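Observations on the three-dimensional arrangement
These are the residues of each chain, in order.
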Amino acid sequence: NFLSPDGSVNLHLGHLAPPFGPLLKNDFPEFEEVARTLNISLLIALQEGTEEKKAFNEEGAFFAEPEVFKIFDIPLLEGTADKALSEPFHLMLSEQTAKKYFGNESATGKSLKVGNQYDMVVSGVFKEFPKQSHWHPEIFISFSTLNDTTIYGRRGLETNFGNNSFGTYALVKEPFDAKKMEKQFPAFIDRHMRQDSGDNGPLPSTYTNLFLQKLTDIHLYSHLDSEWESNGNINNVYMMGVIGVFIILIACFNFVNLSTARASKRAKEVGLRKVVGAFKNQLVNQYLSESVMIAFLALIIAIILSYPALGWLNQFTGKEINVNVFNDGILLIGLLLFATAVGLLAGIYPAFVLSGFKPAMILKGSQGSGRGKGTLRKVLVVTQFSISIVLIIATVITLRQLQYLNNRKLGYNKDQVVTLRYF
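Summarised in this report is the structure supplied together with it. In this text, all values refer to a predicted model and were calculated from it rather than measured experimentally.

Moving on: the overall build of the protein chain. Broken down by element type, the protein chain carries 13 helices and 10 strands. Across the 423 residues that make up the protein chain, the buried fraction comes to 34%. Look at the contacts in the protein chain between residues 6 or more apart in sequence, and 68% of them connect residues 24 or more apart. With an accessible surface of roughly 26,400 Å², the protein chain has 60% of that area assigned to carbon and sulfur atoms.

Tracing the chain through its elements places S133 in the loop between β8 (118–126) and β9 (139–142). Only 2.9 Å separates the side chain of S133 from the backbone oxygen of W135, close enough to count as a polar contact.

A contiguous nonpolar surface patch, about 460 Å² in accessible area, is contributed by V381, F385, I389, I393 and I397. Along the chain, the position of I397 falls in helix α13 (residues 374–407).

As paired strands, strand β3 (residues 31–46) and strand β4 (residues 55–64) are joined by eight bridges and run antiparallel to one another. Opposite N39, over in β4, you have F62 as the bridge partner. The pairing of β4 with β9 spans four bridges and is parallel. Looking at β9, one finds that A64 is bridged to S142.

Considering all chains together, one arrives at eight salt bridges under this definition. Between R36 and E65 there is a salt bridge whose closest N-O contact spans 3.0 Å. Within this pair, whereas R36 is found in strand β3, its partner E65 is found in the loop between β4 and α2 (68–71), the two being separated by 29 residues in sequence. Both residues of the pair, R36 and E65, count as buried. Between K113 and D119 there is a salt bridge whose closest N-O contact spans 3.1 Å. Using a relative accessible area of 19% as the deciding quantity, one classes K113 as buried. Using a relative accessible area of 39% as the deciding quantity, one classes D119 as partly exposed. The network of salt bridges with shared partners includes K25, E33 and K70.

Our next topic: the nonpolar core. Membership of the largest hydrophobic core comes to 24 residues, with the highest contact counts inside it found for L91, L93, F102 and L112. Sorting the residues of this core by element identifies β3, β4, β6 (90–94), α3 (95–102), β7 (111–114), β8 and β9 as the ones contributing at least two each. Ignoring any residue separated from it by four or fewer positions in sequence, one finds F102 in contact with L46, L93, A107, K110, S111, L112 and V122. A35, I71, F72 and W135 belong to the second-largest nonpolar core, a separate cluster that totals 17 residues.

For A339, the location among the structural elements is in helix α11 (residues 329–355). Those residues in contact with A339, other than ones at most four positions away along the chain, are A295, F296 and L299.

Time to look at the packing of aromatic side chains. Per the counting criterion, the structure on display carries 23 aromatic pairs. Look at F28 and F188: their rings are 5.4 Å apart centre to centre, the planes differ by 55°, and that puts the pair in the tilted class. Taken together, the residues F28 in the loop between α1 (20–27) and β3 and F188 in helix α6 (residues 185–197) connect sequence positions 160 residues apart. Here F28 and F188 have matching classes, each one buried. Summarising the aromatic geometry, the rings of F126 and F140 are spaced 5.0 Å apart at their centres and angled 35° between planes, so their arrangement reads as tilted. Placement of F126 in strand β8 and of F140 in strand β9 is noted, with a sequence separation of 14 residues between them. Here the two residues F126 and F140 agree in accessibility, since each one is buried. Taken together, F62, F69, F72, F126, F129, W135, F140, Y169 and W228 form an aromatic cluster joined through their ring pairs.

In a regular helix each residue adds 1.5 Å, so 28 residues correspond to 40 Å; helix α8 (residues 234–261) covers 40 Å between its end C-alpha atoms and thus fits that length. Taken together, the buried positions of α8 are occupied by I234, I250, C252, F253, V256, N257, S259 and T260. Capping the start of α8 is the job of one residue whose side-chain oxygen sits 2.8 Å from the backbone nitrogen of N235: N233.

Reading the values: the criteria
- Residues numbered from 1 in each chain as written.
- Predicted model: local features only at pLDDT ≥ 70, side-chain atom pairs only at ≥ 80, totals over all residues.
- Heavy atoms only, no water.
- Helix = DSSP H or I, 4+ residues; strand = E, 2+ residues; numbered from the N terminus.
- Buried < 20%, exposed > 50% of the residue type's maximum accessible area, 1.4 Å probe, protein only.
- Contact = heavy atoms within 4.5 Å.
- Areas by Shrake-Rupley, 256 points an atom, 1.4 Å probe, with all protein chains shown as cover.
- Polar contact = N/O pair within 3.5 Å; in protein donor to acceptor, adjacent residues only side chain to side chain.
- Patch = residues over 30% accessible without salt bridge, like charges linked within 9 Å, V, L, I, M, F, W, Y side chains within 5 Å.
- Salt bridge = Lys/Arg side-chain N within 4 Å of Asp/Glu carboxyl O.
- Pairing = 2+ DSSP bridges.
- Core = buried A, V, L, I, M, F, W, Y, C linked by side-chain atoms within 4.5 Å.
- Phe/Tyr/Trp six-rings, centres within 6.5 Å; stacked < 30°, edge-to-face > 60°.
- Expected span 1.5 Å × (residues − 1).

This is the structure we're talking about:
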């Protein structure tokens, strides 16, 4: 954070200056491993003399310390984690990037020309990061390469507190108290930044501070002034979740209405069961079990339909949602518990209505018609139609807004424009 004179935050960055990484590891034993990374755009080509000329401007290149493999679980297809980034002028390629340069041949041991200046050896190939990750490196370059004075210089990595471009990841020892650790950062900043600058001005902690961020919070909760990529938004997840709950409520209301409307068809069944000695709680359990089984059947159908629907949804929303229920135990258990809860909530009222029929009244034909239950059914029908109308109105408004944004004239011709980067 960079602070204004009044103490408010005016710049909230997600990256650090390069000296902080080793200083944090040295000063705080709670940090088990610390790894620095630096994103850079590079022109990378096959070495001269190869039959086929291939050169690409790579946006997903990262200088990274070897400790990154101790912090992240990165599956390697070629090479070893302990040696791949240990030497300068070595790099690792993602599986797709390796195929882009070398096809189906092994990439390890081959060389690439980086920035038209440096020959670097490929020391391994790693598998692509998941779509839900907050960063997607295509190339890892050994961090020690930055020590070369023509690239960055060792001295700059040790003293430059002004270049806050380094993504710094830490693996902590359990138990770990993040709030307690952050309270020690002001003294840590004053000790090192003041010692390095050697001035007698204000303490660095009066205009800057450090904070910790849980890695799993970055994708949905982090919206800082510097990010490796555009992140997701938890508010979108909440919004979609609320819409999903509304749709489930509509389905539950339909189930209640249809079940109570069909009461007359099951009245004789209830009467016969009670005549032969069935208790009310047994009937309630039976009807609740039927409701839960219907919910499980609906869940199975939903899972089957979700796989072909995801492709369309990703194309429509521009997202990369990838769900595999059977490989995610927590998700599968959550779905089963949710289906059970929906079945119980939707079936509890019809179960008590049906089990409350009296055999004598059924035989007289004066019970089981569903009369006397109309008030609740009317309330449920009105509620479900109200929810449907609100969802339809929200959908139409959103569609109209998107059409307006896409079709509004910007005042200039945005098509057929060429952008040339300055190198």
